[in-house]
Amino acid sequence: MKKIVLKKFRLTKKVFSFPYILFLLLFVIVPLVLILVNAFLDGDNRFTFDNFKTFFTSPASTIVLGNSLLVGVITTAVCLILGYPVAYILSKMSSGRLIVLLYVLPMFINFLIRTLATKAIFIAMNVELGMGTVLFGMVYNYLPFMIMPLHTTISSIDKSYYEAAQDLGADKATVFLKTTLPLSVSGIISGITMVFIPTISSFAISQLLSNGKIFLFGDSIQLSFEQNLYGVGSIMSLVMLAFVLVSNLIMNKFNSNSDNVRRSLW
Amino acid sequence: MVKKIKAFFEKFYLFVILAILYAPIILLVIYSFSNSANFNFDNGFTFDAYIAIFKSDKSPELWSAIGNTFLIAAVASVISTVMGTFASIGIFNLGKRSRRVVENVNQFPIINSEIVMAVSLMVFFVTFAFPEGYLRLIIAHIAFCTPYVVLSVLPKLESMDPNTYEAALDLGATPFQAMTKVMIPYISPGIVSGFVMAFIMSMDDFIITQINKGAATGINTLSTYIYSDARVQGLEPFWYAIFSIIFVIIIAALLSVNVVKVSREKKKAKEVKA
Amino acid sequence: MVQKVSVDNIIELRNVSKIYDGKYAVKNASLTIKRGEFVTLLGPSGCGKSTTLRMIAGFEMPTEGQIIFNGKDITNTPPHERPLNTVFQRYALFPHLNVFGNIAFGLKLKVIPNGTKVNRKGETVQLFRKFTKEEIKKKVNDALKMVDLEDYGHRNVASLSGGQQQRVAIARALVNEPEVLLLDEPLGALDLKMRKDMQLELMDMHKRLGITFIYVTHDQEEALTMSDKIIVMRLGEIQQIATPEKIYDEPANAFVADFIGESTILSGTMLDDYKVEFCDTVFECVDSGFKKNEPIDVIIRPEDLKILPKDDPHSLLSAEVLSSVFKGDHFQVMTLAAGNELMAYSNENCAVGSTVGLYIKPFDLHIMHKTRLINEIDTYITGENLVEICGTDFDCVTTLPEGTPVKVSVDFDDVEITDDEEDGTIGATVLSSIYKGSYYQAILSTDDHYIFFADTDDDWLKGDRVGIKIAPEKILIEVRDENAIAEQKTVIDETLTEEERAAIREEQKTPAPEFDSDEELIEEYGVDGEYETDEKEDEE
């Protein structure tokens, strides 16, 4: 009898996770499977490959894909170029850990509010809404996401590496190129992922900042489902999912040796 | 001299970036007192925009949206916290392999792009004919909030000396008492930060709510209401006032959290010294 | 007055084994602990001593065997129902409670008998209650006084020093008045001086309280200082159970000798009773009962080996001085005799390179059976000139057909260790390396947990991964009878008299009844009882 009681308890601790596992299965896994299924169904729920054909041949979706990649790459590059010096300078300052909070703080304000605020300012300044304003909005929105992982990584680099490099005769530029930069690769990769993926899948930002002229991937996924084009919408979601998985694989590979920056973020 | 110039440029650069990040926010706060949408003080300094929050034809809708935001955030974050806490204890006790699988699935809502998560839930709700409205929204919010709770509770469990749980059993506590009297108090900071995170995430959400709220129900949260109201005709002056209030609340909240954190650390350091 | 021999055992382990993932953490451990004894489980890390303690505490369930407490079987009793308390290695104090709260934790949960009443059916019912606040306060303060922390009740545990935390942990356990106190390397996290002080304090506490202490440590000096009885363990198996003096003077085997104190271990041959040969010399000794020409291990403690001038008539062996190092109150002299290194302590410095004479009393030669003479593995032929050893096929020389059950023997000399795991036929981890005068005896664990002994010229680092190679012609193969059952031997407790051993054997014939904490209370108070406490709400 006693034995059974004890065994039952050992089980119960695991059992606590079962409701959540069921929840994840139902509301995370099954919906994604449904997306996968819908990608192969036509309007009358018959199996088809037509959705793929439509997506990859229609000029509209190619333009969206091209636009998204363009905006994604430019935004990421600008964020990296602007953000790296910030993270680097802050990592050398004694109060850098506190000051970086100032750069991260805007993240806590809803992106719609920030986007609408910038839009209002552009309108007041008579700036024509288009690609330029979209790019500005994206950089403005996602720069904190680049600064944060970079700062975490760069400030955690052991200072003795710099001293060792200087001791071995490296000048300042060489120290930076041969120690700081290679040692912060995992932060760079994290930052790129955390900017690129949200940018191409962003919803509403580019619409608002271009007055509906520029649609990105996120917008057109939403639009397809709104127009009941589940098949095409599902394909686009799958493409997006592929981007997410690939970038995470890359990120995990670079982060496996260093601290998981993404985790320490939260 | 060169050093001084370099230091100056570094500071200047930091300041420029900071200025760009905060310019829209600060401008908005300033012009919230102008009661104009065009960034001018033609109407002079006035609180009209703030008064309009309470007394305009949009006030009822606005307040119902604010109410919904809090309602959904409260319900979803409480459920997420309870489920996530127990889930963490369970996951912590799973076998190595199943634990890794569950942890990876738990990460998914976090790494996945919001729009994909949103449409996949929408397809799910439509396929299985879930009633439109609060139920869908609350389930969706729990789905993206609980992973954050798990991520903040699990490390606490990991940092716990497994002997403390055993010590409670050793001193005569039943396994249930050992959990409520030792384990949960120990991980409570993780539970609290998980709850706060879930609450913030839920309040802050726009995409998942927008796509799952259903057109017919008329339910809006603050963010979806902003979107529907400002998308077409731009921001009316009362929005400036609301945004300003939100900025102030968020900045005050973050500052107080950090002040409490720092003072607590100082207190601890003092005690250790004593 | 003639007294009937009976043993007042408080804890008894009967053939207890614990298997993790197919590996024995504890193998067939049998031991008895008398009421009031200070018993130490001693061994290197990973020897199974902590697992044994955790099985007694109830945190681990034995895979096989029984644990008896006060004559009752507690093998399946969960830890919170066992009347024992534990002091953990890193104290395991509750960080969310202050010192008072930590010590009061057990008291607040405890129920005690509180008179009786007659219920409606006319039965006498035992009543229970919890301790009152005042009672708890008094007990906690008494406990704090006992560990010299009287004014520390309100303190946060994180603000205490290691030694103070240790005292709180001891008070927290002792306040519940357990019959047995389990201590799992309690002094491991303290610095040397603090450790010495706490050793004395613990011994004093043991004397004053009169309860049983079961102490786990890897520090042989600590064990020798504190214990009434030492249980030496290695690789999950008990090596010797004896008093500290006996463990030191008469170690049961080379491992115990090597682990306890400094010693020289040499391979030798027992020529006849009272006659042993090693270092190419025949010595007189006090041991008998060995087989003629049996290979044995000889243990010599350095303080027993006397250094004499080279032509002294008492000299038994001549040796060359390799080194002489001053150790504070003596010189540690390394000598080389007939190719074997022997260590001696001398009061005088010896010139390096000089020749000296060595003398040892017959009484000081400790002669022991070898733990193992040859590596033996029960396995099968897996193909033409192929035999499976530890999950891998080895080349061998045999005419036996595939599938034949065989016993494979490999001499220690023939096990070849390779530095690179990849170079060996199978991989293994070095568990220990004992210097035997002229060579090292390495003990290796393969990935499927077979233990290989290997004699090598090199000292292999403990914990290193290495490869094992065996030349085909060195694998000796013998057909084996599959149905034969290997005998299991139990280490005898040398602290018990022959009569006591017989009494225990007698006792073990009747199985112990299961322990039931409710029953226990009722028996003690002799009334039919039902709980009248708020226990219900706490049930799982």
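All figures in this text were calculated on a predicted structure; none of them were measured in a lab.

How each quantity is defined
Residues numbered from 1 in each chain as written. Chains lettered and ligands numbered in written order. Predicted model: local features only at pLDDT ≥ 70, side-chain atom pairs only at ≥ 80, totals over all residues. Heavy atoms only, no water. Helix = DSSP H or I, 4+ residues; strand = E, 2+ residues; numbered from the N terminus. Buried < 20%, exposed > 50% of the residue type's maximum accessible area, 1.4 Å probe, protein only. Contact = heavy atoms within 4.5 Å. Areas by Shrake-Rupley, 256 points an atom, 1.4 Å probe, with all protein chains shown as cover. Lys, Arg positive; Asp, Glu negative; His and termini not counted. Charge placed at Lys NZ, Arg CZ, Asp CG, Glu CD. Phe/Tyr/Trp six-rings, centres within 6.5 Å; stacked < 30°, edge-to-face > 60°. Lys NZ or Arg CZ within 6 Å of the ring centre and 35° of its normal. Pairing = 2+ DSSP bridges. Buried area = accessible area lost by both parts, 1.4 Å probe. Salt bridge = Lys/Arg side-chain N within 4 Å of Asp/Glu carboxyl O. Polar contact = N/O pair within 3.5 Å; in protein donor to acceptor, adjacent residues only side chain to side chain. Nonpolar A, V, L, I, M, F, W, Y, C, P; charged D, E, K, R; others polar. Patch = residues over 30% accessible without salt bridge, like charges linked within 9 Å, V, L, I, M, F, W, Y side chains within 5 Å.

(A) Focus on the overall build of chain C. Check the secondary structure of chain C and you find 10 helices and 32 strands. For the C-alpha atoms alone, the extent of chain C along its principal axes is close to 90 × 65 × 60 Å. With 540 residues in all, chain C has 50% of them scored as buried. A sequence separation of at least 24 residues applies to 67% of the contacts in chain C between residues at least 6 apart. Accessible surface, chain C: about 26,100 Å² in total, of which carbon and sulfur atoms supply 47%. Separation of charge centres in chain C, based on 57 positive and 101 negative side chains, amounts to 7 Å.

(B) The arrangement of the packing of aromatic side chains in detail. Enumeration according to the criterion identifies 49 aromatic pairs over all chains in this entry. For the pair Phe136(A) and Tyr140(A), a centre-to-centre distance of 6.2 Å together with 15° between the ring planes defines the contact as stacked. In this pair, Phe136(A) and Tyr140(A) are both assigned in helix H7 (residues 131-155), four residues apart and thus about one turn of the helix distant. A relative accessible area of 36% means that Phe136(A) is categorised as partly exposed. Overall, Tyr140(A) belongs to the buried group, its relative accessible area being 3%. Their ring planes at 55° and their centres at 5.2 Å tell us that Phe225(A) and Tyr230(A) sit as a pair that is tilted. A single burial state applies to Phe225(A) and to Tyr230(A), both of which are buried. Each residue in the set Tyr20(A), Phe23(A), Phe27(A), Phe124(B), Phe125(B), Phe128(B) and Phe130(B) is aromatic and connected to the rest through ring pairs, giving one cluster. In this structure, Lys156(B) packs its charged tip against the face of Tyr186(B), placed 5.2 Å from the ring centre.

(C) Up close: the pairing of strand S21 (residues 355-359) of chain C. All names here are of chain C. For strand S17 (residues 306-308) and S21, the ladder comprises three bridges, and the chain directions are antiparallel. The residue bridging lysine 306 from the neighbouring strand is tyrosine 359, located in S21. Relative to S21, strand S18 (residues 317-326) runs antiparallel, the two sharing four bridges. Bridged to serine 318 within S21 is glycine 357.

(D) Looking closely at the interface of chain C and chain B. Listed per partner, the contact involves 26 residues of chain C and 22 residues of chain B. Both faces considered, chain C and chain B share a buried interface measuring about 2,300 Å² in area, 60% of it formed by carbon and sulfur atoms. At the surface where chain C touches chain B, the tally comes to one salt bridge. Linking Glu166(B) and Arg54(C) is a salt bridge whose minimum nitrogen-to-oxygen distance equals 2.6 Å. One can count five residue pairs in polar contact (both at pLDDT 80 or more) joining chain C with chain B.

(E) A look at the interface of chain B and chain A. Facing the 82 residues of chain B at the interface are 69 residues of chain A. Note on chain B versus chain A: buried area summed over both sides is about 6,900 Å², and carbon and sulfur give 80% of it. Considering only the surface of chain B that becomes buried against chain A, Leu14(B), Leu21(B) and Ile111(B) emerge as the three largest contributors, covering 9% of it. The interface formed by chain B and chain A contains one salt bridge. For Lys92(A), the salt bridge goes to Glu10(B), with nearest N and O atoms at 3.1 Å. Here chain B is connected to chain A by eight residue pairs in polar contact (both at pLDDT 80 or more). For the side of chain B that touches chain A, the element with the most residues is helix H1 (residues 2-31) of chain B, which contributes 15 residues. Of the residues assigned to the side of chain B that touches chain A, the class counts are 63 nonpolar, 13 polar and six charged.

(F) Focus on a nonpolar patch on the surface. Nonpolar side chains collect at one region of the surface, where Phe108(A), Val78(B), Val82(B), Phe86(B), Val192(B), Phe195(B), Val196(B) and Ile200(B) lie side by side and expose about 600 Å² of accessible area between them. Among the elements of the structure, helix H3 (59-92) and helix H8 (175-204) of chain B are those that each provide at least two residues to the nonpolar patch. For the nonpolar patch, the element with the highest residue contribution is H8(B), accounting for four residues.

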